[in-house]
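# Reading the structure
Here is what each chain is made of, one letter per residue.
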Amino acid sequence: MADLNWRPPGWSAKPSTPRYLLITKEGASTGHLTISDRALLFGRRVPNEPERGTVRLDHDSISRQHAAIVHSFQGETFAVDLGSRFGTTLDGEKMPANKYTPLREGATLIFGASSRSYTLTATPPAAAA
């Protein structure tokens, strides 16, 4: 198992209702992730265990511990780029490193130079179809 240096901040909390990330590649849906815990860590050298808070992304532009999505006690959702080499974009704009940035409904993240995008929604994927 990978040594995870990043830990969710003390102000993080489980969401009262799950959030979802809709995954698309070149405009086509490829699946979704359910976010039901305090945080979800993305990286190249993390276990692929979304139910335990980690998602492995197999792409050369992804850092070992690339970015995270975190929920707060107040019910807000944030994204943070963990100082990755190739960065993270939020709605087409590069995110600053190590700064927790609020995510709104419909916000789209792209990690590194990957062609996959991740869109935040509160609507369960089956109901979104």
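My aim in this report is to walk through the structure given alongside it, one point at a time. Quantities reported herein were computed from a predicted structural model and do not represent experimental measurements. (Residues numbered from 1 in each chain as written. Predicted model: local features only at pLDDT ≥ 70, side-chain atom pairs only at ≥ 80, totals over all residues. Heavy atoms only, no water.)

With that out of the way, let us pick up the sheet that holds strand S5 (residues 67-71). Strand order in the open sheet made by the five strands is S4-S3-S5-S6-S9, with mixed pairing throughout. Here the strands that pair on one side only, and so sit at the sheet edges, are strand S4 (54-56) and strand S9 (101-103). The sheet shows a mean angle of 25 degrees between the axes of neighbouring strands, direction not considered. Pairing of strand S6 (residues 77-81) with S9 involves three bridges; the strand directions are antiparallel. Pairing of phenylalanine 78 across the sheet is with proline 102, part of S9. (Pairing = 2+ DSSP bridges. Helix = DSSP H or I, 4+ residues; strand = E, 2+ residues; numbered from the N terminus. Axes fitted to C-alpha atoms, helices over the stretch in contact; angles between N-to-C directions.)

Attention shifts here to the packing of aromatic side chains. Tallied over the full model, the rule gives five aromatic pairs. In textbook terms, an aromatic cluster arises when at least three aromatic residues are bridged by ring pairs, as seen for Trp11, Phe78 and Tyr100. (Phe/Tyr/Trp six-rings, centres within 6.5 Å; stacked < 30°, edge-to-face > 60°.)

Bringing the pattern of salt bridges into the picture now. Throughout the structure, instances matching the rule amount to four salt bridges. Of the charged contacts in the structure, one is a salt bridge between glutamate 105 and arginine 19, with a shortest N-O distance of 3.4 Å. Residue glutamate 105 is found in the loop between S9 and strand S10 (108-111), and its partner arginine 19 is found in strand S1 (residues 19-25); the two are separated by 86 residues along the sequence. Salt-bridge contacts for aspartate 91 lead to arginine 104; the nearest nitrogen and oxygen are separated by 3.0 Å. With aspartate 91 in the loop between strand S7 (88-90) and strand S8 (93-94) and arginine 104 in the loop between S9 and S10, this pair connects stretches of sequence that are 13 residues apart. (Salt bridge = Lys/Arg side-chain N within 4 Å of Asp/Glu carboxyl O.)

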